[in-house]
Structures are given as structure tokens and as C-alpha cells.
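Single-letter residue listing:
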Amino acid sequence: MVKKKRHKLTVELGCAALIASLLSGCSAANQGQSSREKTSVSGVMEYDRNNVVMGTLTKAVIYSSGKDRTKEVMERLSQVENDAISWRVEGSDIDKLNKSAGHPSGVEVSEDTASYLKKTLELAKNTDGAFDPTMGKISRLWDVDGDHPQVPEKEELKQLLDESGYEKIQQDGTHVVLESGASVDFGAVGKGIGCDEAKKLLENDSDVCGAVISVGGSILTYGTKPDESDWKVAITNPDNDTDYVGILTLSGENYVSTSGSYEKFFEQDGNTYHHIMDPATGYPAESGLVSVSVLTDNGLLSDGLSTACFVLGKEKSLPVLEKYEADAIFIDENHKVYVTDGIKNKFELVRKGYELAEE
Ligand code: ADP
Ligand code: MG
């Protein structure tokens with residue numbers, strides 16, 4: 001059996017030192033923790049920190065005339081993971097919610113968790129359930145990124161499918177009730193939530209003029225660099241994730257997340273199975289796409305939309321993207337790259353073997 005899981009990091013191309021290590025295929029284990037600072041233009045410092053947070057490689061680069069805030073960003077991400085959104089962490093809001101399944105009185109969650117859940121449930125409704133925050137048990141049954149990935153037994157899968165579905169979550173403010181058998185998993189929005197929380201920290205410090213925060217495949221660009229050059233976000237090459245297909249040139253605040261079938265997968269009996277599930281079937285989504293990157297003005301939504309669009313396929317994604325005023329880059333299995341109108345002039349295809357598609 002062939003199995004693959006990489007610690008993915010969407011890259012801002014200004015971070016040359018990191019790119020060098022990423023392009024040589026670094027893993028979280030050999031990357032470890034590191035931090036660095038250097039004087040940038042006109043007394044503004046460039047603070048840089050790498051860490052493994054939210055189960056993925058995370059990088060913070062902050063340009064500031066004041067204190068180094070990179071450690072606080074990492075600590076905030078860990079706090080959000082542990083207190084709020086991780087189903088793995090005993091005592092987190094989501095753990096408490098999942099343990100309450102079937103209890104009609106439900107549980108109270110924090111204001112933050114309630115606001116994440118509200119956006120998540122709206123996204124589920126607006127995508128007709130292509131994005132579904134109750135897919136966790138089905139993902140674990142497949143165990144794509146675990147020690148025993150396998151195609152599940154049909155009966156077992158059917159039972160979990162019957163028990164899942166976003167409509168089994170009832171939310172009234174901070175009060176949430178979950179039907180018996182259902183569970184909530186923020187895996188597809190967690191890294192984007194991390195970007196949103198990082199942004200809240202950065203905007204509280206007026207010394208910060210610019211920053212790039214990458215949490216795995218979700219990236220936040222914020223403010224401007226001291227030299228006022230644009231942010232350059234690399235879109236990973238699905239055929240070789242140490243390389244990139246093209247570059248998005250952006251200014252100011254942006255959130256870009258990528259979901260791709262090349263990130264985590266295994267092979268069984270000659271077939272390949274990846275980690276993005278189609279909630280309609282309980283099987284890995286087959287939409288002809290290998291990667292979707294979504295650009296919006298919110299981290300949770302860019303992350304969730306990238307998963308949703310991967311499941312929906314390009315055609316069905318377009319009205320959803322319009323509704324959220326989001327843009328996307330779709331890469332299909334024939335190496336065609338489709339870019340929505342809003343970012344056509346911001347995207348440059350650089351890799352041979354890929355072709356820009358008009359429709
Ligand atoms: P990654 O974790 O590589 O960034 P995604 O953001 O696409 O990938 O999210 C994958 C996670 O989302 C998995 O943890 C899985 O439990 C969950 N998931 C899989 N399919 C769906 C889906 N259709 N809707 C919501 N969550 C999903
Ligand atoms: Mg996602």
C-alpha cells in the first residue's frame with residue numbers, strides 16, 4: 001500500500017529562506033521550531049517563526065517597528081485548537097459538543113466557537129451539504145492520513161452516513177444540540193480559523209505594518225511590506241508539491257486556502273483514495289479536480305470553500321463563489337487551470353505542462 005501525507009504549507013514567495021527549505025521537501029520533523037529576526041527597510045523589523053501548530057507546518061512573518069508578535073500568533077493558534085475547535089482535545093468546545101450527542105439539553109459553547117459554527121452551518125446550507133462539518137467519523141473510518149487507511153465496509157459506511165449530516169446540528173446562539181450518533185469536525189475550516197485569529201492579533205498592534213501567516217494550506221496576507229512590494233502566493237503543483245504551478249500577486253489583506261487530492265491519499269487494489277469526502281456518498285469526491293484554491297476576505301470561508309468547491313466541481317462551485325464574493329483557481333486532472341474573472345489578472349501560470357482554460 002502506498003500512503004502519503006505531507007505537512008503542506010502554502011508559500012508567500014517573499015519568504016526566500018523558507019521556500020528554499022520547502023522546495024527541498026522539508027518535513028515537520030526536520031523543520032522543527034525556529035525563529036529569526038532581521039532589520040528590514042527603514043527600521044522596520046522582519047520577525048519570522050516556524051512551528052508545528054494545528055497539526056501542520058505554520059509560519060508567521062511579521063513586519064513591525066515594535067515587538068515580535070510571532071510567538072503570540074503561534075500561542076493563539078494553539079489556544080484556539082485546544083480550547084475550541086479540536087475534536088481530539090479532551091475538554092475543547094467541540095469535544096464537549098460531540099460528547100453531548102443525543103442529549104436533548106445540548107451544551108453551551110464559547111462565543112467564538114458559536115460564531116465559527118454559525119458560518120460553518122451557513123456554508124453547509126449554501127453548498128447543499130457538499131461542505132459538511134459532520135464528516136469526521138467517515139473520514140476516520142477511511143483513516144486516509146492515519147496508520148490503517150482502508151476502503152470501508154459498505155454496511156459500516158452506510159450506518160455512519162445515516163448518522164451524519166449538518167442538519168443534525170441545531171444552534172441557537174451559544175447553545176448547540178447534536179443528534180445522537182452525529183459529531184462535529186472542523187478539520188476543513190480549522191486552518192482558516194487560525195488565519196482569522198492571527199489577523200485579530202495583528203490588528204491590535206499598530207506597530208505591525210504587514211504580515212504573512214501560513215497555517216498549512218491556508219494563508220493570510222496582511223497590510224504591506226516595508227518596501228511596499230506585492231504579496232506573491234504560490235499555488236502548489238499537484239504533481240509535485242515541492243513545486244508550484246503559478247503565482248497569485250496580491251496586495252493588502254487576503255485569505256487563500258487550497259484543498260487538493262494530492263495532499264493525503266492511499267492506494268488499494270490499484271485505486272487511489274484521497275481525504276476530501278463527498279458527503280452524498282461517503283466516498284472521496286470525484287469532481288475531476290485535483291486542486292482548488294479560494295481567495296476571500298475571511299479565513300474560515302476560504303478554507304471551507306476550498307473543500308466545498310473540490311466536492312462540487314467547477315461548474316457547481318461558480319454560483320457559490322459568487323454568493324460569497326470569492327475567487328478561485330481550479331486545477332483539473334487534465335492539467336487545465338481555470339481562474340475566475342476576479343483574479344484573472346492577478347494569476348500567472350509558470351509551470352510547463354499546465355494550460356489556462358477559458359471555460
Ligand atoms: P486539509 O486538512 O489537507 O487542509 P481540507 O481543508 O480540505 O484539507 O480538510 C480536510 C478535513 O476536512 C478532514 O479532516 C476531513 O475530516 C474533513 N472533511 C472531509 N471532507 C469534508 C467535507 N466534504 N466537508 C467538510 N469537511 C470535510
Ligand atoms: Mg479546507
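Now for a description of the structure that goes with this document. Please read all numbers here as calculations on a predicted model, not as lab measurements.

To continue, consider the coordination of the magnesium ion (ligand 2). For the magnesium ion (ligand 2), the protein coordination sphere consists of A188 (O), D303 (O), D303 (OD) and T307 (OG1), at 2.1 to 2.7 Å. On the primary sequence, the residues serving as donors to the magnesium ion (ligand 2) are separated as A-x114-D-x3-T. You can see D303 and its partner T307 sitting in helix α9 (residues 299–312), 4 residues apart, about one turn around the helix.

In this section: the layout of surface pockets. One number sums up the size of the largest pocket: a volume of about 1,200 Å³. In this structure, the largest pocket is lined by 44 residues; those nearest its centre are D185, G187, A188, K191 and K264. For the lining of the largest pocket, the elements supplying multiple residues, two or more each, are α3 (70–85), α6 (136–142), α8 (190–203), β12 (254–260) and α9. When residues in the lining of the largest pocket are grouped by element, the largest group, 4 residues, is from α9. Each residue belonging to the lining of the largest pocket can be placed in one class, and the counts come to 14 nonpolar, 16 polar and 14 charged.

To continue, consider the sheet that holds strand β20 (residues 347–349). What the 3 strands build is an open sheet, ordered β10-β11-β20; its pairing is antiparallel. Each end of this open sheet is capped by a strand with a single partner; those strands are β10 (231–237) and β20. Neighbour-to-neighbour, the strand axes of this sheet turn through a mean angle of 35 degrees, independent of strand direction. The sheet contact formed by strand β11 (residues 240–250) and β20 spans 3 bridges and is antiparallel. What sits directly across from G246, in β20, is L349.

Attention shifts here to the site of ligand 1. Ligand 1 sits among 20 residues. The nearest are A130, D132, D185, E263 and M277. Here an oxygen atom of ligand 1 and a side-chain polar atom of E263 are 2.9 Å apart. Taking 570 Å² as the accessible area of ligand 1 by itself, protein coverage stands at 92%. Placement of ligand 1 is best described as lying within the largest pocket. No other element matches the 3 residues that α9 contributes to the shell around ligand 1. For the shell around ligand 1, a count of residues per class yields 8 nonpolar, 5 polar and 7 charged.

Procedures and definitions
Residues numbered from 1 in each chain as written. Chains lettered and ligands numbered in written order. Predicted model: local features only at pLDDT ≥ 70, side-chain atom pairs only at ≥ 80, totals over all residues. Heavy atoms only, no water. Donors = N, O, S within 2.8 Å, 3.2 Å for Na, K, Ca; no water. Helix = DSSP H or I, 4+ residues; strand = E, 2+ residues; numbered from the N terminus. 1 Å grid on protein atoms, 1.4 Å probe; cavity = no way out; pocket = protein on both sides within 12 Å on 5 of 7 lines; lining within 4 Å. Points joined across faces, edges and corners; volume = space filled by probe spheres on them. Nonpolar A, V, L, I, M, F, W, Y, C, P; charged D, E, K, R; others polar. Pairing = 2+ DSSP bridges. Axes fitted to C-alpha atoms, helices over the stretch in contact; angles between N-to-C directions. Near = heavy atom within 4 Å. Polar contact = N/O pair within 3.5 Å; in protein donor to acceptor, adjacent residues only side chain to side chain. Areas by Shrake-Rupley, 256 points an atom, 1.4 Å probe, with all protein chains shown as cover. Sits in = over half its atoms within 2 Å of the grid points.

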